[in-house]
Amino acid sequence: MQVGFVGWRGMVGSVLMQRMVAEKDFENITSIFFSTSQAGQSVTMRDGREVLLKDANDESQLLEMDAIISCQGGDYTKKIHGPLRASGWQGYWIDAASTLRMASNSMIVLDPINNVDIKLAIDDGKKDFIGGNCTTSLMMLALHGLFRDELVEWVSAMTYQAASGAGAQNMRELIQQMGSIHDVTKNELASAEGDVLEIDSLVLERMRAQEFPTEQFGAPLAGSLIPWIDSDLGDGQSREEWKAQAETNKILGRQENPIPVEGICVRIGAMRCHSQALTFKLTESVPVLEVEKILSEANEWVSVVPNDKLSTVAMLSPTSVTRTLDVPVGRIRKLNIPGNIYSAFTVGDQLLWGAAEPLRRMLRILVDRG
Ligand code: HSE
């Protein structure tokens, strides 16, 4: 299988490359690397291979691929995918952008959950397999068992989303903001006697100053938060919030009879793990121990964190989960609200299960089918 990679040096692309090397995925394919800016140049890959970059904007070179994996972003998909298909290209298109997700002839891929449907779609001749929104995929992996057993009546997901979801430049800006705040307070911090209200005032002054670096986020994030992610749909909902219900139900094959998924998406100062406080209503009263069992047995990445302070602080944070494929879920309680309402809190690496891993596994499914 000739597989073309586009956008493989960006943030999601680099994580995809790391995972593919770790899982020896390159051994089963012929990989061709494309570039939008350095076509014709030779580069040394992580594994020492020298490769000549092809032109990611040259349709004739792309047409030769059996599959294309793009981590280049939605603008590239918009520009390239339609014309390629119009030229009669029959290869598999795999990407992580939202551009094609809701198209009727594309699948959103999250194979621990919709493996059977993915295989049916391949048999059916579908060719576009698209990774889901990161918060949606991570929420679904966490609640997988309850969705599978058709126990979920509705979900509210209040998110705490990391800088990485906004892009590499945003991760850099978050650190610059942290550094800028530290710079202005370091003399006061050096002395244990430093007046904390004075420190607080210096911090605020810096965060509100013209020179505070906010070019990417448009607002201070370090020491603050931003309760809006993605575009404004004009009806009080952000596009990020809209995606949760739309994509969950597409993945579950329930577009005709959707499970309501609602919430508020918030950017916080974490680097690359998205966290979510979930409230959900079950169709029946299920003891908490049973809920924990259903959740923990659903897939090999989810694990239940005991709902006590020590376990929660140790195991349920971006710091403990980052760079792992684990999807811990904790804070599970039946709430003191009538009607089978439960809470949970989950954390997942936005660049792994939230972006690169579903694409890597989709390619693997295609390769394994031969
Ligand atoms: N839209 C997500 C975010 C990124 O901004 O965090 C991945 O879907």
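Model, not experiment: these values are computed from the prediction.

### Observations concerning empty space enclosed by the protein
Empty space among the atoms can be located by rolling a probe the size of a water molecule over them. Applying the stated rule across the entire model yields two cavities of 30 Å³ or more. What the largest cavity holds in volume is close to 80 Å³. As for the largest cavity, its lining consists of 14 residues, and the residues nearest its centre are Thr135, Ala157, Thr159, Ala244 and Gln276. Listing elements by their share of the lining of the largest cavity, those giving two or more residues are helix H5 (134-148), strand E10 (152-161), helix H8 (239-252) and strand E11 (261-262). Partitioned by chemical class, the residues of the lining of the largest cavity number five nonpolar, six polar and three charged. Taken as a whole, the second largest cavity spans an internal volume of roughly 40 Å³.

### Here we look at the packing of aromatic side chains
Here the structure, examined in full by the defined rule, presents nine aromatic pairs. Pairing Tyr92 with Phe129 gives two aromatic rings, centres 6.1 Å apart and planes at 45°, and the pair type is tilted. Taken together, the residues span a long stretch of sequence, with Tyr92 in strand E7 (residues 92-95) and Phe129 in strand E9 (residues 128-131) at a distance of 37 residues. Tyr92 sits in the buried class, given a relative accessible area of 17%.

### Points about the sheet that holds strand E8 (residues 106-109)
Here seven strands make up an open sheet; going across it, the order is E5-E2-E1-E6-E7-E9-E8 and the pairing parallel. Edge positions in the sheet fall to strand E5 (54-55) and E8, since each has one partner strand and no second. Seen against the sheet, helix H4 (residues 111-123) touches E7, E8 and E9 and runs at an angle of roughly 155° to E8.

### Side note on the pairing of E10
As judged from the eight bridges shared by E10 and strand E13 (residues 273-282), these two strands associate in the antiparallel manner. Paired with Ser156 across the bridge in E13 is Thr279. Two strands pair when backbone bridges link them, and E10 and E11 are joined in this way by two bridges, in the parallel orientation. Each bridged residue has a counterpart across the sheet, and for Val155 the counterpart in E11 is Val261. Bridging between E10 and strand E12 (residues 265-267) involves three bridges; their strand directions are parallel. By the bridge assignment, Thr159 is partnered in E12 with Cys265.

### A look at the nonpolar core
Ranked by internal contacts, the top residues of the largest apolar core, which has 70 residues, are Phe5, Phe129 and Leu146. The element that contributes the greatest number of residues to this core is helix H12 (residues 352-369), accounting for 10 residues. If you look at the next biggest cluster of nonpolar residues, it comprises 14 residues, including Ala56, Leu62, Met65 and Leu84.

### Focus: the layout of surface pockets
Taken as a whole, the largest pocket encloses approximately 890 Å³ of empty space. For the largest pocket, the lining is made up of 36 residues, of which Val12, Gly73, Ala96, Ala97 and Gly165 are closest to its centre. Elements that contribute at least two residues to the lining of the largest pocket include exactly helix H1 (11-22), helix H3 (74-86), H8 and H12. For the lining of the largest pocket, the residue count by class is 11 nonpolar, 17 polar and eight charged. By volume, the second largest pocket is sized at about 230 Å³. Of all the elements in the fold, those that place two or more residues in the lining of the second largest pocket are H4, H5 and H8. Taken together, the residues that form the lining of the second largest pocket break down as eight nonpolar, two polar and four charged.

What counts, and where the lines are drawn
- Here, residues in each chain are numbered from 1, in the same order as that chain's written sequence.
- The predicted nature of this model means local features are confined to residues of pLDDT at least 70 and side-chain atom pairs, given and counted, to a pLDDT of 80 or more, with totals for whole chains, interfaces and linings taken over all residues.
- Derived side-chain values reflect all non-hydrogen atoms in the structure, with water molecules and hydrogen atoms excluded from consideration.
- Detection works on a 1 Å grid of protein atoms alone, calling trapped sets that fit a 1.4 Å probe cavities and calling open sets with protein on both sides within 12 Å along at least five of seven lines pockets, with lining residues defined by an atom within 4 Å of a point.
- Grid points are joined across faces, edges and corners, and a volume is the space filled by probe spheres set on the points.
- Helix numbering and strand numbering both begin at the N terminus, where a helix is a DSSP run of H or I of at least 4 residues and a strand a DSSP run of E of at least 2.
- Throughout this entry, Asp, Glu, Lys and Arg are counted as charged residues, while Ala, Val, Leu, Ile, Met, Phe, Trp, Tyr, Cys and Pro are counted as nonpolar. The remaining residues, Gly among them, count as polar.
- Note on aromatic contacts: the rings of Phe and Tyr and the six-membered ring of Trp form a pair at centre separations within 6.5 Å, being stacked when their planes are under 30 degrees apart, edge-to-face when over 60 apart, and tilted otherwise.
- Think of it in three bands: residues with accessible area under 20% of the maximum for their type are buried, residues over 50% are exposed, and the middle band is partly exposed, with areas taken using a 1.4 Å probe on protein chains only.
- Think of it this way: DSSP has to see at least two bridges between two strands before they count as a pair.
- Here a residue-residue contact requires only that any non-hydrogen atoms of the pair lie within 4.5 Å.
- To get an axis, fit a line to the C-alpha atoms, keeping to the stretch in contact for a helix; angles then go from 0 to 180 degrees between the N-to-C directions.
- What makes a nonpolar core is a set of buried Ala, Val, Leu, Ile, Met, Phe, Trp, Tyr and Cys residues whose side-chain atoms join them at distances within 4.5 Å.

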